Amino acid sequence: MAATGFTLVGDDGSDLFTYRWHDDAASAVDALTDAFGSAPEESVLEGDGTHFPDYTSYRWGGFELRDMVETEDGKPRAEYVQPSYAVITAERENGVALVAEFNLVIGSSIEEVRALEPDSEFERSDGTVRLFLESERNGFSAPEVVNGEYALAIGAEEDGAVYEIIYLPYSEL
């Protein structure tokens with residue numbers, strides 16, 4: 001996982017497939033299906049119609065790719081700050097390691113994340129903690145930004161382990 005997307009890496013260390021957040025997800029879904037050995041569970045997450053489009057969720061257990069649903073009369077993909085994004089909730093999926101930047105994985109300690117000096121940290125109403133790394137990465141700010149970068153939103157148990165890593169533009173909302 002990286003600021004601009006993700007790369008599937010072979011056992012020999014070679015790059016097998018690279019996806020960028022602004023790319024259409026069809027080829028990524030095919031590559032991930034091959035890597036994970038099964039088709040994803042699909043669902044639709046409703047957006048707000050202006051800031052966030054509807055997203056098709058492609059979930060393979062602990063890895064989820066969400067890609068915007070383009071509509072005939074809606075805003076074009078290039079006008080959204082977040083055309084796609086990813087959620088990691090497992091250290092591995094069907095034998096494939098799911099590794100974020102800074103070698104963060106599900107199960108990393110909250111202290112490991114704090115040692116990276118997060119840009120912000122706050123306690124959530126459910127008693128968990130949300131930390132943000134690289135918050136200057138704000139996605140795709142306009143059509144001229146075609147290689148936007150995403151921040152890391154990290155969910156962790158207070159004084160515990162990381163349970164969720166999300167790649168998306170930073171927002172205080």
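Just above sits the structure.
As the structure is a prediction and not an experimental result, all values here were calculated from the model.

Participant: Please set out the overall build of the chain residue by residue, giving values where relevant.
Facilitator: The number of helices and strands found in the chain is two helices and twelve strands. The helix and strand sequence of the chain, counted from the amino end, reads β-β-α-β-β-β-β-β-β-α-β-β-β-β. Rg of the C-alpha trace for the chain: 16 Å, near the compact-globule value of 16 Å for 173 residues, within the 12% margin. Relative to its full complement of 173 residues, the chain shows a buried share of 43%. In the chain, the proportion of contacts linking residues at least 24 apart, taken out of those at least 6 apart, comes to 48%. Looking at the chain as shown, the accessible area adds up to about 9,000 Å², and 46% of this sits on carbon and sulfur atoms.

Participant: Give a detailed account of the nonpolar core, specifying residues and quantitative values.
Facilitator: A general tendency of soluble globular proteins is for nonpolar side chains to be buried together. Phe-63, Leu-65 and Ile-165 are the most contacted members of the largest nonpolar core, which has 42 residues in total. Those residues within four positions of Ile-165 in sequence are excluded, and the remaining contacts are Ala-86, Val-87, Ile-88, Ala-100, Leu-104, Val-105, Ile-106, Leu-152 and Ala-153.

Participant: An account of the pairing of strand β10 (residues 128-139) is needed here, citing residue identities and associated values.
Facilitator: Taking burial as the measure, the twelve residues of β10 include nine buried ones, the bulk of the element. As defined by bridge partners, strand β9 (residues 120-123) adjoins β10 across four bridges and the pair is classed as antiparallel. When the bridges of β10 are listed, Phe-122 appears paired with Arg-130. Here β9 hands over to β10 after four residues, with Gly-127 in that stretch at a positive phi of 90°. Bridging between β10 and strand β11 (residues 149-157) involves eight bridges; their strand directions are antiparallel. Its bridge partner lying in β11, Arg-130 is registered against Gly-155.

Participant: Go over the pattern of salt bridges, please, and point to the residues and values.
Facilitator: Within the structure shown, the criterion is met by eight salt bridges. Between Glu-158 and Arg-114 there is a salt bridge, and its shortest N-O distance comes to 3.5 Å. With Glu-158 in the loop between β11 and β12 (162-168) and Arg-114 in helix α2 (residues 110-115), this pair connects stretches of sequence that are 44 residues apart. Classification of Glu-158 by relative accessible area gives partly exposed; the value is 37%. Relative accessible area serves as the criterion here: at 22%, Arg-114 is assigned to the partly exposed category. Between Arg-137 and Glu-134 there is a salt bridge, with the nearest N and O atoms lying 4.0 Å from each other. According to the relative accessible area criterion, Arg-137 is buried, its value standing at 10%. Note on Glu-134: relative accessible area 24%, which makes it partly exposed.

Participant: Can you explain the sheet that holds β11? Please cite residues and give values.
Facilitator: Within a sheet, each strand pairs with its neighbour through backbone hydrogen bonds, oriented either parallel or antiparallel. Spatially, the eight strands line up as an open sheet ordered β3-β4-β5-β6-β12-β11-β10-β9, and their pairing is antiparallel. Bordering the open sheet on either side are β3 (41-45) and β9, each of which pairs with just one other strand. Across this sheet, the average inter-strand angle for adjacent strands is 20°, counted without regard to direction. Across the face of the sheet, helix α1 (residues 26-36) comes into contact with β4 (55-60) and β5 (63-68) while running at roughly 15° to β4.

Participant: Got a sec to walk through unusual backbone geometry? Specific residues and values, please.
Facilitator: Positive phi is not limited to glycine here, since Phe-102 has a value of about 65°. Note on Phe-102: relative accessible area 39%, which makes it partly exposed.

Calculation notes
- Residues numbered from 1 in each chain as written.
- Predicted model: local features only at pLDDT ≥ 70, side-chain atom pairs only at ≥ 80, totals over all residues.
- Heavy atoms only, no water.
- Helix = DSSP H or I, 4+ residues; strand = E, 2+ residues; numbered from the N terminus.
- Rg over C-alpha atoms; globule rule 2.2 N^0.38 Å.
- Buried < 20%, exposed > 50% of the residue type's maximum accessible area, 1.4 Å probe, protein only.
- Contact = heavy atoms within 4.5 Å.
- Areas by Shrake-Rupley, 256 points an atom, 1.4 Å probe, with all protein chains shown as cover.
- Core = buried A, V, L, I, M, F, W, Y, C linked by side-chain atoms within 4.5 Å.
- Pairing = 2+ DSSP bridges.
- Salt bridge = Lys/Arg side-chain N within 4 Å of Asp/Glu carboxyl O.
- Axes fitted to C-alpha atoms, helices over the stretch in contact; angles between N-to-C directions.

Shape descriptors only; they carry no functional weight alone.
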